[in-house]
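What follows is each chain in one-letter form.
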Amino acid sequence: MSEEQRSEVLSRDKILSYTAKKRAAVSVVAVVLSIVALCFVNINGAIPLISVPIIIAAAFVIDKVFIFIRPDVYGKDMIKRGRTPIIATTTVVAAFTAICLVSGIAGYQLAMYTAANANVVETFDDIDGAIEFLQKTDLDDDYTITVHMNNNGKDEFRITADFVPKSGKYDEDDFKKYKDYEINGNVVTVTLRAYNLEYNGEKIAYYALNEKHPKAKIEIKDGVVNVVDYGQTFGIVLGAAFGAVAQVAILIVVYIVGIIAAIVPSEIYFEKLIRNEAKKAEAAKEE
């Protein structure tokens, strides 16, 4: 065998040694980076959820790139046969990772936005619209309403309102949402929440007569006038949070299953390819 032929003969030990070192180096770096990402979970839970899938995908792609750049180890023939499967698998892994990340981030942000704004009932351009909304009730069609506005100057206080049925007969179910009410003869006296606030340098007093939102009040933030009802927040926030957690959990399961389905057959194929090249190299060396 000529010197040139000897230089073209692959080394079994070199193939197996380089493959083991390559995998070990990529795996160690990926594990270390994943652990570092997990350390940020208390700062921002989204960091590991975004970082770990990217690290896994990047580790797989880099592992295959290390095959491409070493034709002197694996031989041009093996790299040529493995080129199409490598490109196909890495493309699938990268695309699947991107799709899962985009879906997870979008769904999580939407759920968190819903939770953050769960207490907002209505948004108004000015405070007059908000007050009108809170002091309007559908019960004024059936009752004559007299509000006793006893303003004590506090930010929040209680007042009463008398409801006299126009038909001469009241329906107690009309007042169930107010919860705090008394019936005296044919008059229903309801306790309402009332508030004082300052708007554009003016002190304004208002009350919540709206039977659908008897616990609502006005909040002004960054010039935006919102009617908020914290009484309805807990269930919505809990539902949104549960939805976000469930969605993330499902995506994690889908991602793990999908990555396994993409990577395992690829790894088996390349392991077989590398082992065959190692055997061929050993056989060529013995000739």
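The structure presented is a predicted model; accordingly, all values stated were derived computationally and were not measured. (Residues numbered from 1 in each chain as written. Predicted model: local features only at pLDDT ≥ 70, side-chain atom pairs only at ≥ 80, totals over all residues. Heavy atoms only, no water.)

*Asks:* Explain the sheet that holds strand β8 (residues 224-228) here, please?
*Replies:* Pairing between the strands of a sheet comes from backbone hydrogen bonds, and it takes one of two forms, parallel or antiparallel. Strands sit in the order β1-β8-β7 across an open sheet of three strands; the sheet is antiparallel. This sheet does not close on itself; its edge strands, each paired only once, are β1 (120-124) and β7 (217-221). Taken over all neighbouring pairs, the strand axes of this sheet differ in orientation by 30° on average, direction set aside. For β7 and β8, the ladder comprises five bridges, and the chain directions are antiparallel. (Pairing = 2+ DSSP bridges. Helix = DSSP H or I, 4+ residues; strand = E, 2+ residues; numbered from the N terminus. Axes fitted to C-alpha atoms, helices over the stretch in contact; angles between N-to-C directions.)

*Asks:* What should I look at first to understand the pairing of strand β5 (residues 187-199) in this one?
*Replies:* Side chains on a regular strand alternate between the two faces of the sheet. Taken together, the eight bridges between strand β3 (residues 156-165) and β5 define a ladder with antiparallel strand orientation. Bridge pairing links Asp162 to Thr189 in β5. Relative to β5, strand β4 (residues 181-184) runs antiparallel, the two being bridged by four bridges. The residue of β5 that forms the bridge with Ile183 is Val188. Taken together, β4 and the strand that follows it, β5, pair antiparallel across an intervening segment of two residues, in which Gly185 is found at a positive phi of about 65°. Where β5 and strand β6 (residues 202-207) come together, six bridges link them in antiparallel fashion. In the sheet register, Asn196 faces β6, and the bridge partner there is Ala205. Between β5 and β6, which pair antiparallel in sequence order, lie two residues; one of them, Asn200, sits at a positive phi of approximately 55°.

Any functional reading would require information that these geometric values do not contain.
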